[in-house]
Amino acid sequence: MILNKPIIGVLMPGDMGHGIAKVLVENNFKVLTFLKGRSKRTLKLANEARVINIDNFENFLKEVDIILSIIPPEKAFQQAKFVTSFSSYLEKKITYVDCNAISPNTCLKIEKLFNNKHFEFLDGGIVGLNPIVEKGKTRLYISGKNTNKLEIINNKGIIVKSLGSEVGKASAFKMIYASATKGTFALHAATITAASKSKLFDEYVKELEFSKPEILKAMKNMTPKIPLDASRWEGEMYEIAKTFKTLNLTPKLHEGAADIMKLAQKTPISKETRQTYDQSRTLEEAVDMFVKATKKN
């Protein structure tokens, strides 16, 4: 039993957030959230994770010691601004960990909001699937001063890895990792859709079976699932593009990937969730939906 366990606040308990909250609860941490204005689905996930909802945000801040911000990247700054607007109500210091898929520049912009005595800012990046799926192997990379504050949750349903004291390092790591994984997902979806629109789907699949079975396996695994997360991943692709541009590398690869995420949102699959999607759907059936989506205005 760990004495003086910090109380963890998770904002927000969506697909990834509720998984992290759930494994922390299972490891005997008290986990709180603030659900005002959230969707019915988020409320349902929070309930499944046994997260305690605090209706008043001032009271939420008075109770928590660590906040894990887990939200779509385009909302990260807005959420940080909301949290810091309550600084005057605080009589203690809270560790705020931005776990979002954002560029280092966006991270540094957010850090400036926390330059006061009431908050300690840590940069974070989550690598891997929901920890419920990963069975405790999801990685949370962090950087900034006093990353040791998160050692207490290391191996408590999630693996915490410090990248040192420089804010922006964890965000850069997340961007680099996702540029290959999700960028490849987008490329595969675009390629197989192009094959189908060219009336070459069967021939292309047969060639992959012969020469590149690992690529075909990856396509079958991920292309039908892209629409489930495309609304979040579109923003992430833009953040990756910003990161690459700052490094004097082309942003166009991931701007193009964002276009594929936008296309995926036009398919019927996008109305499903990780919990409800049709697992029997074939690659060909999914690609047919992508093809039809290209014909929509």
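Right above here is the structure, for reference.
Now for a description of the structure that goes with this document.

Parameters and conventions
Residues numbered from 1 in each chain as written. Predicted model: local features only at pLDDT ≥ 70, side-chain atom pairs only at ≥ 80, totals over all residues. Heavy atoms only, no water. Pairing = 2+ DSSP bridges. Helix = DSSP H or I, 4+ residues; strand = E, 2+ residues; numbered from the N terminus. Contact = heavy atoms within 4.5 Å. Axes fitted to C-alpha atoms, helices over the stretch in contact; angles between N-to-C directions. Parallel < 35°, antiparallel > 145°, perpendicular 65-115°, else oblique. Nonpolar A, V, L, I, M, F, W, Y, C, P; charged D, E, K, R; others polar. Expected span 1.5 Å × (residues − 1). Bend = angle between axes of the 7 residues up to and from the residue. Buried < 20%, exposed > 50% of the residue type's maximum accessible area, 1.4 Å probe, protein only. Arc of directions from axis to C-beta. Phe/Tyr/Trp six-rings, centres within 6.5 Å; stacked < 30°, edge-to-face > 60°. Lys NZ or Arg CZ within 6 Å of the ring centre and 35° of its normal. Salt bridge = Lys/Arg side-chain N within 4 Å of Asp/Glu carboxyl O.

**Focus: the sheet that holds strand β8 (residues 159-162)**
Step number 1: The mixed open sheet is built from eight strands, whose spatial order is β3-β2-β1-β4-β5-β6-β7-β8. Edge positions in the sheet fall to β3 (52-53) and β8, since each of these pairs with one other strand and no more.
Step number 2: In this structure, strand β1 (residues 8-11) lies alongside strand β2 (residues 31-33), joined through two bridges in parallel fashion. Within the sheet, the bridge partner assigned to Ile8 lies in β2 and is Val31.
Step number 3: Lying over the sheet, helix α4 (residues 76-84) contacts β1, β4 (66-69), β5 (94-98) and β6 (119-127), oriented at roughly 170° with respect to β5.
Step number 4: Here helix α7 (residues 169-197) sits on the sheet in contact with β6 and β7 (139-143), set at roughly 15° to β6.

**What to know about the packing of α7 against helix α8 (residues 201-211)**
Step number 1: Where α7 meets α8, the closest approach of the two axes is 7 Å, and the angle between their N-to-C directions is 135°. Here α8 runs oblique to α7, going by the angle between their axes. Seen from α7, the contacting residues are Thr191, Ile192, Ala195 and Ser196; seen from α8, they are Phe201, Tyr204 and Val205.
Step number 2: Residues that form the contact of α7 with α8 fall into these classes: five nonpolar, two polar and no charged.

**Re α7**
Step number 1: Taking 1.5 Å per residue as the helical rise, α7 with its 29 residues ought to reach 42 Å, and the 41 Å between its terminal C-alpha atoms agrees with that figure.
Step number 2: Of all bends in α7, the biggest is about 35°, found at Ala178.
Step number 3: Of the residues one or two after α7, Lys199 is the one with positive phi, at around 60°.

**Points about helix α5 (residues 104-111)**
Step number 1: Residues of α5 that are buried: Pro104, Thr106, Cys107 and Ile110. Projection of α5 onto a plane perpendicular to its axis shows the buried side chains occupying an angular sector of 160°, all on one side.
Step number 2: Its buried side turned inward, α5 meets α4, β5, β6, α7 and α10 (226-246).

**Here's the deal with the environment of Pro72**
Step number 1: For Pro72, the position within the fold is in the loop between β4 and α4.
Step number 2: Residues Pro72 and Lys174, 102 residues apart in the sequence, show an inter-C-alpha distance of 14 Å.

**A few points about the packing of α8 against helix α9 (residues 213-222)**
Step number 1: At a minimum axis distance of 6 Å, the contact between α8 and α9 shows a crossing angle of 125°. The angle between α8 and α9 falls in the class oblique. On α9, the residues touching Tyr204, Val205, Leu208, Glu209 and Ser211 of α8 are Pro213, Ile215, Leu216 and Met219.
Step number 2: Its residues assigned to classes, the contact of α8 with α9 comprises seven nonpolar, one polar and one charged.

**Quick notes on the packing of aromatic side chains**
Step number 1: Across all of its chains, the model carries 13 aromatic pairs by this definition.
Step number 2: Here Phe57 and Phe82 contribute two aromatic rings whose centre-to-centre distance is 4.7 Å and whose plane-to-plane angle is 50°, an arrangement assigned as tilted. Taken together, the residues Phe57 in helix α3 (residues 57-63) and Phe82 in helix α4 connect sequence positions 25 residues apart.
Step number 3: For Phe57, a relative accessible area of 4% puts it in the buried group.
Step number 4: Through a chain of ring-to-ring contacts, the aromatic side chains of Phe34, Phe57, Phe60, Phe82, Phe86 and Tyr89 assemble into a single cluster.
Step number 5: For the cation-ring pair, Lys5 lies above Phe29, with the distance from its terminal atom to the ring centre recorded as 4.4 Å.
Step number 6: A cation over an aromatic ring shows up here: Lys109 above the ring of Phe77, its NZ or CZ 4.7 Å from the ring centre.

**Side note on the pattern of salt bridges**
Step number 1: According to the stated counting rule, one finds 14 salt bridges in the structure shown.
Step number 2: Residue Glu63 is joined to Lys30 by a salt bridge in which the shortest nitrogen-to-oxygen separation is 3.4 Å. Residue Glu63 is located in helix α3, and its partner Lys30 is located in the loop between α1 (15-26) and β2; the two are separated by 33 residues in the primary sequence.
Step number 3: Overall, Lys30 belongs to the partly exposed group, its relative accessible area being 39%.
Step number 4: Notably, a salt bridge pairs Arg139 with Glu134, separated by 3.7 Å at the nearest N-O pair.

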